[in-house]
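This is what each chain is made of:
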Amino acid sequence: VKKEKRTLCLFAGVLHDIGKRDPEIRVRKPHEKDKWKLTFNKHEEISAQAAKAICEKLRISKEKSEFVEKMCRDHMVPHSKEFSDSALRRFIHRWKKEETEQEKENESEVVKNEEFPDWALVWLHGLADIKGSGVEREAEEINKYKKIIERGLQIEKEEPVKKKVIIRGEVIMGLFPTLHPGSGYIAKINEKLLEVSFENPLFEENNYLEYIESIRG
């Protein structure tokens, strides 16, 4: 990981739990026999908002600020008990989509990281989070994070890049000749097809057309 990106990851590491200081989200729940545990529901969203404000105060560039904010907002994702391949594809796609949009806005300001994709840094952050919690962790739990990263890198290497437009508009219009293009149905169908692609990564155009026929009714 390049030095500048590593610095942003460390900064996100400092800020990612700052939302827990908000007293309104603290909930005291029974934990074990005669014991109680504090929970901090949705603290990641408050942490992300605070990170954005702090970055603005420090006059950190928009692109770098958005990276830190996203890291804080997503830092609980790796701690999910189960994370399917389809969920991983959605996560990778979301991060890559936002990276592409940032590059279009201002390519010179974006911190590029060709060695390790940004989505994987979220999992490294999660791994560092549990290791630094002060609680002894089983090797199996630690390996879970590593396996997700390895699987995600394999998905990126072996599977086609997800496209926003899976079936061209003129093809969809031919299937729905009575609908007006201005109604937005073409975009909605492609959004649905994108969801289908996360579950069926090797689908080709004919498979998507068959799916459209199946839902056309």
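Quick summary incoming for the structure in this document.

Cut-offs applied
- Residues numbered from 1 in each chain as written.
- Predicted model: local features only at pLDDT ≥ 70, side-chain atom pairs only at ≥ 80, totals over all residues.
- Heavy atoms only, no water.
- Salt bridge = Lys/Arg side-chain N within 4 Å of Asp/Glu carboxyl O.
- Helix = DSSP H or I, 4+ residues; strand = E, 2+ residues; numbered from the N terminus.
- Buried < 20%, exposed > 50% of the residue type's maximum accessible area, 1.4 Å probe, protein only.
- Axes fitted to C-alpha atoms, helices over the stretch in contact; angles between N-to-C directions.
- Parallel < 35°, antiparallel > 145°, perpendicular 65-115°, else oblique.
- Contact = heavy atoms within 4.5 Å.
- Nonpolar A, V, L, I, M, F, W, Y, C, P; charged D, E, K, R; others polar.
- Left-handed = near helix turned anticlockwise from the far one by under 90°.
- Core = buried A, V, L, I, M, F, W, Y, C linked by side-chain atoms within 4.5 Å.

### Looking at the pattern of salt bridges
Pairs can form between side chains of opposite charge once their charged atoms are near each other. Under the definition given, this model contains 13 salt bridges. Between Arg 94 and Asp 74 there is a salt bridge whose closest N-O contact spans 3.1 Å. Here Asp 74 lies in helix α3 (residues 62-74) and Arg 94 lies in helix α4 (residues 85-105), a separation of 20 residues in the sequence. Close ionic contact of Glu 199 with Arg 90 constitutes a salt bridge, the shortest N to O distance being 3.4 Å. With Glu 199 in helix α8 (residues 185-199) and Arg 90 in helix α4, this pair connects stretches of sequence that are 109 residues apart. A relative accessible area of 46% places Glu 199 in the partly exposed class. A network of salt bridges, in which partner residues are shared, links Glu 45, Glu 69 and Arg 73.

### Considerations on the packing of helix α5 (residues 118-131) against helix α6 (residues 139-158)
Two elements in contact, α5 and α6, have axes whose closest approach is 10 Å; the angle formed by their N-to-C orientations is 175 degrees. Classified by the angle their axes make, α5 and α6 are roughly antiparallel. Across from Trp 119, Ala 120, Trp 123, Leu 124, Gly 126, Leu 127, Ile 130 and Lys 131 in α5, the residues of α6 making contact are Glu 141, Ile 142, Tyr 145, Lys 146, Ile 148, Ile 149, Gly 152, Leu 153 and Glu 156. Looking at side-chain class alone, the contact of α5 with α6 contains 11 nonpolar, two polar and four charged residues.

### Description of the packing of helix α1 (residues 3-15) against α3
Between α1 and α3, whose axes approach to 9 Å, the crossing angle comes to 45 degrees. When the interaxial angle is binned, α1 and α3 end up oblique. Crossing handedness for the pair α1 and α3: right-handed. Contact residues: α1 offers Glu 4, Lys 5, Leu 8, Cys 9, Phe 11, Ala 12 and Leu 15, while α3 offers Lys 64, Phe 67, Val 68, Met 71 and Cys 72. When grouped by side-chain class, the residues that make up the contact of α1 with α3 number nine nonpolar, no polar and three charged.

### Some thoughts on unusual backbone geometry
Among all residues except glycine, the phi angle is most often negative; among peptide bonds, the trans geometry is most common. Positive phi, close to 60 degrees, is recorded for Lys 42, a residue that is not glycine. Within the secondary structure layout, Lys 42 lies in the loop between β2 (36-40) and α2 (43-57). For Arg 59, which is not a glycine, the phi torsion comes out positive at approximately 60 degrees. With respect to the element layout, Arg 59 can be found in the loop between α2 and α3.

### What about the nonpolar core?
Side chains of nonpolar character tend, in soluble globular proteins, to be buried together. Of all hydrophobic cores here, the largest spans 28 residues; its most connected members are Phe 67, Val 68, Met 71, Trp 119 and Trp 123. Contributing elements (two or more residues each) for this core: α1, α2, α3, α4, α5 and α6. No other element matches the seven residues that α5 contributes to this core. Core analysis: the second largest hydrophobic core is formed by 11 residues, Ile 167, Tyr 185, Ile 189 and Ile 212 among them.

Nothing here speaks to function; it is geometry throughout.
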